[in-house]
2 protein chains.
Amino acid sequence: MADALTLVGDRWALLALRELGFGVTRFTDIQGFTGAPRASLAARLRDLEASGLVERRRYSEHPPRDEYLLTRAGQDLMPVIGALREWGERYATPLVRDHGPDPSG
Amino acid sequence: MADALTLVGDRWALLALRELGFGVTRFTDIQGFTGAPRASLAARLRDLEASGLVERRRYSEHPPRDEYLLTRAGQDLMPVIGALREWGERYATPLVRDHGPDPSG
DNA sequence: GACGTGAGTTCAGATGTCGAACCGACTCGG
DNA sequence: CCGAGTCGGTTCGACATCTGAACTCACGTC
């Protein structure tokens, strides 16, 4: 569990993974949909790549352009992310609406 | 999803919730099992209480002593945490062993 | 050349984390 | 009574990380 959280115990990483699971692959799209600051997203994607959850693939040489794809390990995290989303819809959204905590990382 | 992560998108919060799910209720025990720094744990527990995932209950007046219990919303997060644990055992532990990223929070 | 896009990088300030020390409210035994 | 110990935190300074805004690079298009 602690190992899992070492890799994905981070808001932006999980949100990025969710977008990748939807089939989004471009940096700007992931960034736009998640709202992550660009530096944070770049760092998280690098971590996820280093961790083997995500692979980076060149889709254009001129100009050089990369896209991001889930590995097997990344794909197998999707049911967890789906479950978290469902829980969130049921509980977290109402709780945040009412009187959630300050947005904290 | 983003709302869910506002509440639980934090390593120590998730680890604390896992212990609460096991039935651990005392501050010192949660802290010991999770390895969270005391100040971080205190802050996370306060957030979780404010968010309605955890409730605090006085179990001793002299000296004043509180324990922490999961609410319904907190309990319904346990399957998600369980799924994350299973994923972690299958993928994260080997990945971290091989060449995971720097431990980042 | 000017302009626009995508994919980042940089940076100063803000915020968070952490280890170690500390503190309060006790209880217990000498 | 006093000292030692437990529990449940709090405090603080040093350090780490995050963030918004600006910037840069490598192009392609007009």
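Residues numbered from 1 in each chain as written. Chains lettered and ligands numbered in written order. Predicted model: local features only at pLDDT ≥ 70, side-chain atom pairs only at ≥ 80, totals over all residues. Heavy atoms only, no water.

Visitor: How would you explain the UniProt feature "domain: HTH hxlR-type" (unreviewed entry) in chain A if you had to name every residue and give the values?
Guide: In the numbering used here, UniProt assigns the feature "domain: HTH hxlR-type" (unreviewed entry) to residues 1–96 of chain A. Secondary structure within residues 1–96 of chain A divides into 66% helix and 14% strand; the distance between the first and last C-alpha atoms comes to 26 Å. (UniProt positions renumbered as here; feature names shortened; annotations may be inferred. Helix = DSSP H or I, 4+ residues; strand = E, 2+ residues; numbered from the N terminus.)

Visitor: Describe the protein's contact with DNA strand D, with residues and values.
Guide: Near DNA strand D you find 23 residues, and of these S40(A), R38(B), Y59(B), R65(B) and Y68(B) are the closest. Within 4 Å of the protein, the contacting atoms of DNA strand D are drawn from sugar and phosphate to the extent of 73%. In the environment of DNA strand D, a sugar or linking oxygen lies 3.5 Å from a nitrogen or oxygen atom belonging to the backbone of P63(A). Note that a phosphate oxygen of DNA strand D is positioned 2.9 Å from one of the side-chain N or O atoms of T28(B). Listing elements by their share of the surface near DNA strand D, those giving two or more residues are α2 (11–22) and α4 (38–50) of chain A together with α3 (27–34), α4 (38–51), β1 (54–60) and β2 (65–70) of chain B. Residue contributions to the surface near DNA strand D peak at four residues, all from α4(B). Among the residues forming the surface near DNA strand D, the class breakdown is nine nonpolar, three polar and eleven charged. (Near = heavy atom within 4 Å. Polar contact = N/O pair within 3.5 Å; in protein donor to acceptor, adjacent residues only side chain to side chain. Nonpolar A, V, L, I, M, F, W, Y, C, P; charged D, E, K, R; others polar.)

Visitor: Hey, could you go over α4(B) for me, with residue numbers and the actual values?
Guide: It helps to recall that an α-helix has 3.6 residues per turn; residues three or four apart then point in one direction. All names here are of chain B. For α4, spanning 14 residues, the distance from its first C-alpha to its last is 20 Å, which sits close to the expected 20 Å at 1.5 Å a residue. Inspection of α4 places L41, R44, L45, L48 and S51 among the buried residues, and these make up the whole buried set. The buried residues of α4 all sit within an arc of 125° when viewed along its axis, so they share a single face. α4 presents R38 and A39 as exposed residues on the side facing more than 90 degrees away from its buried surface. Just downstream of α4, G52 is the residue with a positive phi angle, here 85°. (Expected span 1.5 Å × (residues − 1). Buried < 20%, exposed > 50% of the residue type's maximum accessible area, 1.4 Å probe, protein only. Arc of directions from axis to C-beta.)

Visitor: Let's hear about the protein's contact with DNA strand C: which residues, and what values?
Guide: In the vicinity of DNA strand C, 23 residues are found, and the nearest of them are T28(A), R38(A), Y68(A), W12(B) and H62(B). Across the atoms of DNA strand C situated within 4 Å of the protein, the share located in sugar and phosphate is 70%. One nitrogen or oxygen atom from the side chain of H62(B) is found 2.8 Å from a phosphate oxygen belonging to DNA strand C. For the surface near DNA strand C, the secondary structure elements donating two or more residues are α3 (27–34), α4, β1 (54–60) and β2 (65–70) of chain A together with α2 (11–22) and α4 of chain B. Per-element tally for the surface near DNA strand C: the top contributor is α4(A), with four residues.

Visitor: Report on the interface of chain A and chain B, specifying residues and quantitative values.
Guide: Note on interface size: it is often stated as the accessible area lost on association of the parts. Taken residue by residue, the interface counts 41 residues in chain A and 41 residues in chain B. Counting each side, the surface lost to burial between chain A and chain B is near 3800 Å², with a carbon and sulfur contribution of 72%. The tally of links from chain A across to chain B stands at two salt bridges. Notably, a salt bridge pairs D76(A) with R90(B), separated by 3.7 Å at the nearest N-O pair. Taken together, chain A and chain B are joined by four residue pairs in polar contact (both at pLDDT 80 or more). Counting only elements with at least two residues in the side of chain A that touches chain B, the list comes to α1 (2–8), α2, α4, α5 (72–75) and α6 (78–99) of chain A. Of the residues that constitute the side of chain A that touches chain B, the class distribution is 23 nonpolar, nine polar and nine charged. (Contact = heavy atoms within 4.5 Å. Buried area = accessible area lost by both parts, 1.4 Å probe. Salt bridge = Lys/Arg side-chain N within 4 Å of Asp/Glu carboxyl O.)

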